[in-house]
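So you can see what is in the structure, the chains are spelled out below.
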Amino acid sequence: MSVTPVIPATRRVGRRPVTSRSEIEHIALDLFTHNGFDTTTVDDIAAAAGIGRRTVFRYYASKNDIPWGAFDEQLDRMRATFAALSGDLPVMAAVRVAVLEFNDVAPAEQPWHRRRLRLILDTPALQAHSTLRYAAWRQVVADYAAARLGLSPDDLVPQSIGHASLGVALAAYERWLRAESGELRDLLDTVFCALERGLVES
């Protein structure tokens, strides 16, 4: 069965060209969802937004970066969250606070966030790129854990904290996508509280 490509209804003849990052992302997510990530080109996104491809590349280095949004800026915000936390807070409790803050999404953006996560987790073509993003996220956690523990960020324990934190976060994302309801923040809080306790109580 053939599928007619979708051009987002938000672009109407005579409407101003889209120029904000969030607007471009919403249009791109619409196209990726309805037409497929592999078959949607940067030219398709630019045309739907009423802008040139150079404007798209002003915000994103590649098509693969678009589903991740302002990820580098969000990592900077995560670092700032860690820096502002009290040193009296246990390390894993601090990680939980920072991860919850990192995933604090405005209600109006949550449907888009769901699309974004589903695309990132379920699109084979994005997996290699996602590995780089996951590594950057883990390193922010490892850097904080290392500073708190007086270790090098490359030491085993800080790196393990980064890997464990990403693992339980991904489990929460996947549960949220399967459930189609509920609050992502609640799932993350639950699983990070369990991680603080060692995941299972003896």
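Our subject is the structure that appears above.
Summarised in this report is the structure supplied together with it.

Calculation rules
Residues numbered from 1 in each chain as written. Predicted model: local features only at pLDDT ≥ 70, side-chain atom pairs only at ≥ 80, totals over all residues. Heavy atoms only, no water. Salt bridge = Lys/Arg side-chain N within 4 Å of Asp/Glu carboxyl O. Helix = DSSP H or I, 4+ residues; strand = E, 2+ residues; numbered from the N terminus. Axes fitted to C-alpha atoms, helices over the stretch in contact; angles between N-to-C directions. Parallel < 35°, antiparallel > 145°, perpendicular 65-115°, else oblique. Left-handed = near helix turned anticlockwise from the far one by under 90°. Contact = heavy atoms within 4.5 Å. Buried < 20%, exposed > 50% of the residue type's maximum accessible area, 1.4 Å probe, protein only. Expected span 1.5 Å × (residues − 1). Arc of directions from axis to C-beta.

**A look at the pattern of salt bridges**
At step 1: With the rule as written, the count across this model stands at ten salt bridges.
At step 2: The residue Arg133 makes a salt bridge to Asp72 at a minimum N-O spacing of 3.1 Å. With Arg133 in helix α7 (residues 127-149) and Asp72 in helix α4 (residues 71-84), this residue pair connects regions lying 61 residues apart in the sequence.
At step 3: With a shortest N-O distance of 3.1 Å, Arg96 and Asp189 are connected by a salt bridge. Taken together, the residues span a long stretch of sequence, with Arg96 in helix α5 (residues 91-102) and Asp189 in helix α9 (residues 184-196) at a distance of 93 residues.
At step 4: Counted as one network, the salt bridges with shared partners bring together Asp65, Asp72 and Arg133.

**Examining the packing of helix α1 (residues 21-35) against helix α6 (residues 110-122)**
At step 1: At their nearest, the axes of α1 and α6 sit 10 Å apart, and the two run at 55° to each other. Judged on the interaxial angle alone, α6 and α1 are oblique. Both α1 and α6 take part in a crossing whose hand is left-handed. Contacts from Glu25, His26, Leu29, Asp30, Phe32, Thr33 and His34 in α1 reach Trp112, Arg115, Arg116 and Leu119 in α6.

**What about the side chain of His129?**
At step 1: Position of His129 relative to the elements: it lies in helix α7.
At step 2: His129 gets classed as buried once you look at its relative accessible area, which sits at 16%.
At step 3: When residues no more than four places from it in sequence are discounted, the contact partners of His129 are Asn64, Asp65 and Trp68.

**Considering α9**
Given 3.6 residues per helical turn, the α-helix brings residues three or four places apart onto the same face.
At step 1: With 13 residues, α9 should cover 18 Å at 1.5 Å per step; its first-to-last C-alpha distance of 18 Å lies within 8% of that length.
At step 2: Those residues of α9 not exposed but buried are Leu184, Leu188, Phe192, Ala194 and Leu195. Viewed end-on, α9 has its buried residues packed into an arc of 155°, placing them on one side of the element.
At step 3: Of the surrounding secondary structure, the elements contacted by the buried residues of α9 are α5, α6 and α8 (156-179).
At step 4: Once α9 finishes, Gly198 follows within two positions and takes phi at roughly 90°, a positive value.

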